[in-house]
Each structure stands twice: as C-alpha cells, then as structure tokens.
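# Chain and residue survey
The lines below spell out each chain.
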Amino acid sequence: MDVSAVNSLSFEEFVEIFGNVVEKCPLVAAAVWSQRPFTSLGDIEAAIADFIDGLSDSGKEGILRCHPDLAGRDVQRGTLTPESQAEQSQAGLTQLEPEELAQIGALNAQYKQRFGFPFVICARMNDRPAILAQLSQRLGNKPAHELLGAIQEVKRICNLRLQALVRPILPAPAQLSSTPPKL
Ligand SMILES: NC(=O)N[C@H]1NC(=O)NC1=O
C-alpha cells in the first residue's frame, strides 16, 4: 500500500495492519494514527520513533519485555507472531542444534538476569554467529546504555516491518518535453 492509502485507513484498520510493527505493542500504532496525514514511509517511522523515545525508561523496558526470546520457548511451541517467526527463521534461529539452543538459552537467561528484559536484536540484519557474538558482547554493557541500544534494535525491526507494508513515495517521473531542445 502507498502512503495515501495508509492515510485513508480508519483507526481500527490502521491498528489491525500496523499493530505489530513493534512486537506485541499495538499501542504504538494506536498512538501515532492521529498524526496522519503522513507524507512518506520515513514520516511514519519518525512518528513511531518519537513516540518510543518519549516513553519513560519503564515504558521502554515494557516494549522490550513484549519481545519473545530469540530461539526461545515460543519458537519451540510454535507461538511466535508471524513477523517474528519469519525473522527468526531467516536468521537460522528456528533450526538450531541442541548445543546451540542450550548456548543461546543460557546467554539469554544471563542477559535477562542482568538487565531485567530479554535480549532484542534485529534478526534480519544479523546471522546466527553475529547474534551470538552480540549477545555475549552486550552482556558487558552498562544498563542505561544497553536500554538505549536495545531500543535502537526495536526501531530497526520496526523499520523493516514497515517496509514490508508501505511503499515509499516514488519521485514523480520527469516531464517529457514535446519540443526538442534548441541547439
Ligand atoms: N528477542 C528478539 O530480538 N526478538 C526479535 N528480533 C527480531 O528481529 N524479531 C523478533 O521477534
């Protein structure tokens, strides 16, 4: 759909379609709907980013806590959202060997113990080794720094989900002149 089609959606339709651009947080879509008309895909992204940035730390943590663990219980149970399923599958996280599952499970638990929210990373922009390396590396971050870094990842995931839903505005085609240029 293009941006003008987005602008013509009712509140209910908008939340139905955009309710999971931030995982399990339809409130984000509900909050930005009133900012229509949007001028571009980037404009929608910016409205969402502004809303998230305006949340308190506990609000940001709430957003992170709505994310499923990577290669976690929801993967095993088949209860991921369709978006998360596609992302985790693309990063190779839905078909891990038992040792890899145990390794990522232990690191996820350590991360959650340290920061109080699950490890979040844009799976589509990383492969399995990069995700494991980031998980180990980010465990060493200071909590305030990690909260902001994790929220950046939420925005990356959101941007890719938005791109799957909205066509960017294409530049208008150049006008063809009917009279040949004078030489
Ligand atoms: N925990 C976590 O990062 N979850 C996610 N990342 C991603 O790209 N999709 C998700 O559901």
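Residues numbered from 1 in each chain as written. Predicted model: local features only at pLDDT ≥ 70, side-chain atom pairs only at ≥ 80, totals over all residues. Heavy atoms only, no water.

### Regarding the overall build of the chain
When helices and strands are counted, the chain shows 10 helices and 0 strands. Ordered by position in the sequence, the α and β elements of the chain form the string α-α-α-α-α-α-α-α-α-α. In terms of overall dimensions, the chain has C-alpha extents of about 70 × 40 × 35 Å along its principal axes. Counting every position in the chain, which comprises 183 residues, the buried fraction comes to 39%. Nonlocal contacts in the chain, meaning residues at least 24 apart in sequence, comprise 69% of its contacts between residues at least 6 apart. Accessible area for the chain stands at about 10200 Å²; split by element, carbon and sulfur atoms hold 55% of it. Across the chain, the centroid of the 17 positively charged side chains sits 3 Å from that of the 21 negatively charged ones. (Helix = DSSP H or I, 4+ residues; strand = E, 2+ residues; numbered from the N terminus. Buried < 20%, exposed > 50% of the residue type's maximum accessible area, 1.4 Å probe, protein only. Contact = heavy atoms within 4.5 Å. Areas by Shrake-Rupley, 256 points an atom, 1.4 Å probe, with all protein chains shown as cover. Lys, Arg positive; Asp, Glu negative; His and termini not counted. Charge placed at Lys NZ, Arg CZ, Asp CG, Glu CD.)

### As for the site of the ligand
Around the ligand sit Pro68, Leu70, Ser84, Glu87, Phe119, Val120, Ile121, Cys122, Ala123, Ile157 and Arg161, and those are all the residues in its vicinity. Within the contact set of the ligand, a nitrogen atom lies 2.9 Å away from a backbone nitrogen or oxygen of Phe119. Within the backbone of Ala123, a nitrogen or oxygen atom sits 2.8 Å from an oxygen atom of the ligand. About the coverage of the ligand: the protein hides 100% of its 290 Å² of free accessible area. Secondary-structure elements contributing two or more residues to the shell around the ligand are helix H7 (82–90) and helix H10 (143–165). Its residues assigned to classes, the shell around the ligand shows 8 nonpolar, 1 polar and 2 charged. (Near = heavy atom within 4 Å. Polar contact = N/O pair within 3.5 Å; in protein donor to acceptor, adjacent residues only side chain to side chain. Nonpolar A, V, L, I, M, F, W, Y, C, P; charged D, E, K, R; others polar.)

### Structural notes on the confidence of the model for the chain
The predicted model of the chain has a mean per-residue pLDDT of 94, with 92% of residues at 70 or higher. Across the whole predicted complex the pTM is 0.92, and at the interface the ipTM reaches 0.99. (pLDDT = per-residue confidence, 0-100.)

### Comments concerning the UniProt feature "domain: Oxo-4-hydroxy-4-carboxy-5-ureidoimidazoline decarboxylase" (unreviewed entry) in the chain
Per the UniProt entry, the sites bearing "domain: Oxo-4-hydroxy-4-carboxy-5-ureidoimidazoline decarboxylase" (unreviewed entry) are residues 7–163 in this numbering. Helix makes up 65% of residues 7–163 and strand makes up 0%, while its end C-alpha atoms are separated by 16 Å. (UniProt positions renumbered as here; feature names shortened; annotations may be inferred.)

### Points about the nonpolar core
Counting residues in each nonpolar core, the largest one holds 46 residues, and the members touching the most others are Phe18, Val22 and Ile48. Residues in contact with Phe18, not counting those within four places in the same chain, are Val6, Leu9, Ala29, Leu162, Leu165 and Val166. (Core = buried A, V, L, I, M, F, W, Y, C linked by side-chain atoms within 4.5 Å.)

### A word on helix H9 (residues 128–138)
In an α-helix, one full turn covers 3.6 residues, which means residues spaced three or four apart are oriented alike. Taken residue by residue, H9 has Ile131, Leu132, Leu135 and Arg138 as its buried positions. Across the axial projection of H9, the buried residues extend over an arc of 145 degrees, all falling on one side. Exposed residues pointing more than 90 degrees away from the buried face of H9 are listed as Pro129 and Gln137. Those residues of H9 that are buried are in contact with helix H8 (98–115) and H10. The distance from a side-chain oxygen at the start of H9 to the backbone nitrogen of Ala130 is 3.0 Å, and the residue carrying that oxygen is Asp127. (Arc of directions from axis to C-beta.)

### Some words on the pattern of salt bridges
Applying the stated criterion across every chain yields a total of 8 salt bridges. Across the salt bridge formed by Asp69 and Lys112, the nearest N and O atoms sit 3.0 Å from each other. Of the two residues, Asp69 sits in the loop between helix H5 (57–65) and helix H6 (73–77) while Lys112 sits in helix H8, which places them 43 residues apart along the sequence. Relative accessible area serves as the criterion here: at 22%, Asp69 is assigned to the partly exposed category. Classification of Lys112 by relative accessible area gives partly exposed; the value is 34%. In this structure, the salt-bridge partner of Arg138 is Glu146, at a minimum N-O distance of 2.8 Å. The burial state of Arg138 is the same as that of Glu146; both residues are buried. (Salt bridge = Lys/Arg side-chain N within 4 Å of Asp/Glu carboxyl O.)

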